[in-house]
Amino acid sequence: YGEAHVALRAGGAPSEPDNVVQPFVMISAGLFAAPRYIEAYGQPTSIEDLATHRFVTHDVINSRAPHYNWLAKHVPETALVLRSTDVHTLQDAVVAGLGIGFLERSIAQQLGMIEVIEPRAEWSSQLWLVTHVDLHRTIKVQALLAHLKDQVKKLERTA
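What comes next concerns the included structure.

This part is about the overall build of the protein chain. Each helix and strand in the protein chain was counted, giving five helices and eight strands. For the protein chain, the α and β elements follow one another from N to C terminus as β-β-β-α-β-α-β-α-β-α-β-β-α. Each principal axis of the C-alpha atoms in the protein chain carries an extent, and together these give about 55 × 35 × 25 Å. If you take every contact in the protein chain between residues at least 6 apart in sequence, the share linking residues at least 24 apart comes to 78%. Of the roughly 9,400 Å² that the protein chain leaves accessible, carbon and sulfur atoms contribute 54%. Positive and negative charge centroids in the protein chain, built from 14 and 17 side chains respectively, lie 7 Å apart.

Have a look at this one:
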């Protein structure tokens with residue numbers, strides 16, 4: 001909408017006709033809890049068991065993120081102890097042991113979180129690079145896109 005030279009969007013491919021859309025990276029989410037949460041409340045053993053646990057989640061109904069939509073279908077609202085639109089707040093709440101929540105898998109592992117159930121393919125989300133067609137070929141936009149793509153390649157090599 002002319003607000004940014006480059007946008008990052010998750011979920012389905014943006015379809016605005018004036019934009020150049022490129023796949024960027026796949027985000028792999030998992031359902032994690034802190035060790036202190038597991039000590040206090042136990043670990044879910046099945047999807048059906050999730051209803052007896054506490055969760056932190058995004059506060060947007062109909063989120064573009066498929067894992068939050070999955071959670072809304074499988075966990076009753078009474079199990080949601082914190083909702084926020086800030087991913088850092090959600091991450092901090094999981095790390096503090098407030099509840100189970102979705103985290104990007106590599107970050108959760110670095111933080112020492114415990115994956116509570118096996119990840120599902122429908123939790124992954126494509127991240128897209130979006131530029132307006134009029135700005136896409138400018139030097140500064142191309143430089144930023146090249147830098148972002150290079151950083152992802154470096155991360156993939158070290159993973």
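Roughly 1,000 Å³ of volume is contained in the largest pocket. Lining the largest pocket are 30 residues, and of these I27, E104, S106, I107 and L127 sit closest to its centre. When contributions to the lining of the largest pocket are tallied by element, the ones reaching two or more residues are strand 1 (6-10), strand 2 (19-27), helix 2 (66-74), helix 3 (87-96), strand 6 (101-104), helix 4 (105-110), strand 8 (125-132) and helix 5 (139-158). Of the residues belonging to the lining of the largest pocket, the class tally is 17 nonpolar, nine polar and four charged.

Before going further, it helps to spend a moment on the sheet that holds strand 7 (residues 114-115). Read from one edge of the open sheet, three strands run 6-3-7, paired in antiparallel fashion. Whereas interior strands pair on both sides, the edge strands pair on one side only; in this sheet they are strand 6 and strand 7. Direction of pairing for strand 3 (residues 29-33) relative to strand 7: antiparallel, over a ladder of two bridges. Each residue of the ladder has a partner; that of F32, found in strand 7, is E115.

With that settled, consider the pattern of salt bridges. Taken as a whole, this structure holds five salt bridges when the rule is applied. Among the salt bridges present, the one from E77 reaches R83, with a minimum N-O distance of 3.0 Å. The closest approach of N and O atoms between E115 and R105, which form a salt bridge, is 2.9 Å. One end of the pair, E115, is in strand 7; the other, R105, is in helix 4, and 10 residues separate them in sequence.

The next thing to look at is the nonpolar core. The biggest cluster of nonpolar side chains holds 27 residues, and the ones touching the most others in it are L31, L50, F55, W70, I100, F102 and M113. Taken together, the elements giving at least two residues each to this core come down to strand 3, helix 1 (35-41), strand 4 (55-58), helix 2, helix 3 and strand 6. A per-element tally of this core places strand 3 first, with four residues. One finds L127, L129, V141 and V152 within the second-largest nonpolar core, a separate group that totals seven residues.

Rules and cut-offs
In every chain, residue numbers begin from 1 and rise along the written sequence. In keeping with the predicted nature of the model, local features appear solely for residues at pLDDT of at least 70, side-chain atom pairs appear and are counted solely at 80 or more, and the whole-chain, interface and lining totals rest on all residues. Values reported for side chains reflect all heavy atoms of the structure, with hydrogen atoms and water molecules removed beforehand. Here a helix means four or more residues in a row that DSSP labels H or I, a strand means two or more in a row labelled E, and each is numbered from the N terminus. Contact definition: two residues touch when any of their heavy atoms are within 4.5 Å. Here the accessible surface of atoms and residues is derived via Shrake-Rupley with a 1.4 Å probe, and residues count as covered only by protein chains that are part of the display. Charged-residue counts in this description rest on Lys and Arg as positive and Asp and Glu as negative, His and the chain ends being excluded. By convention, the charge on Lys lies at NZ, on Arg at CZ, on Asp at CG and on Glu at CD. Using only the protein atoms, space was sampled on a 1 Å grid; points where a 1.4 Å probe fits but cannot get out form cavities, open sets with protein on both sides within 12 Å along at least five of seven lines form pockets, and lining residues are those with an atom within 4 Å of a point. Grid points are joined across faces, edges and corners, and a volume is the space filled by probe spheres set on the points. Charged means Asp, Glu, Lys or Arg here, nonpolar means Ala, Val, Leu, Ile, Met, Phe, Trp, Tyr, Cys or Pro, and polar covers whatever is left, Gly included. Any two strands with at least two DSSP-identified bridges between them are counted as paired. Any carboxyl oxygen of Asp or Glu that lies within 4 Å of a side-chain nitrogen of Lys or Arg is treated as forming a salt bridge with it. Take the buried Ala, Val, Leu, Ile, Met, Phe, Trp, Tyr and Cys residues and link them wherever side-chain atoms come within 4.5 Å; each set so joined is a nonpolar core. Per-residue accessibility, obtained with a 1.4 Å probe over protein chains only, is compared with the maximum for each type, and a residue is labelled buried under 20%, exposed over 50%, and partly exposed between these values.

Note that all results are geometric; they support no functional claim without further evidence.
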